[in-house]
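Tertiary structure, described
Listed below, chain by chain, are the residues.
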Amino acid sequence: MNGRELSFKKKLSSTDLTRNLEIPRSRARHLPAGNQTMRVLEQNGRPWHFKCSRRRGGRRYLTDQWRDFVRTVTPRKGDILRFYYSAADVFRLDPLAL
């Protein structure tokens, strides 16, 4: 798949849209360790820098620019986002199912 590997996909909930994106535990791969920032590129090349936070119980969330992303791109509940790991710790975001 053009040198990319699916890291995770997520069907958006209303909580994902109003707070932070919860990353599915069982399917996520290539995520940064601890509370580090991951660089994500939209299909048009626009970069976003989401902090990949770890909370109690091992849950992982995307924070920081996540809310800005939601305000700008306007995804809706039920849309599916696919995050692909590329090279050099860069992730690519597939188009939304809008």
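Preceding this section is the structure that the text describes.
Residues numbered from 1 in each chain as written. Predicted model: local features only at pLDDT ≥ 70, side-chain atom pairs only at ≥ 80, totals over all residues. Heavy atoms only, no water.

**Considering the overall build of the protein chain**
Along the backbone of the protein chain there are 2 helices and 7 strands. Along the chain direction, N to C, the helices and strands of the protein chain fall in the order β-α-β-β-β-β-α-β-β. For the protein chain, the C-alpha radius of gyration of 12 Å lies close to 13 Å, the compact-globule estimate for 98 residues. Overall size of the protein chain, expressed as C-alpha extent along the three principal axes, is 30 × 30 × 20 Å. (Helix = DSSP H or I, 4+ residues; strand = E, 2+ residues; numbered from the N terminus. Rg over C-alpha atoms; globule rule 2.2 N^0.38 Å.)

**Thoughts on the pairing of strand S7 (residues 90-93)**
The two faces of the sheet receive side chains in turn, since in a regular strand these alternate between them. Sheet topology places strand S3 (residues 36-41) next to S7; 3 bridges connect them, and they run parallel. Bridge pairing in S7 links Leu41 to Arg92. Pairing of strand S6 (residues 80-85) with S7, which is carried by 3 bridges, proceeds in the antiparallel orientation. When the sheet's bridge partners are listed, Phe83 is paired in S7 with Leu93. (Pairing = 2+ DSSP bridges.)

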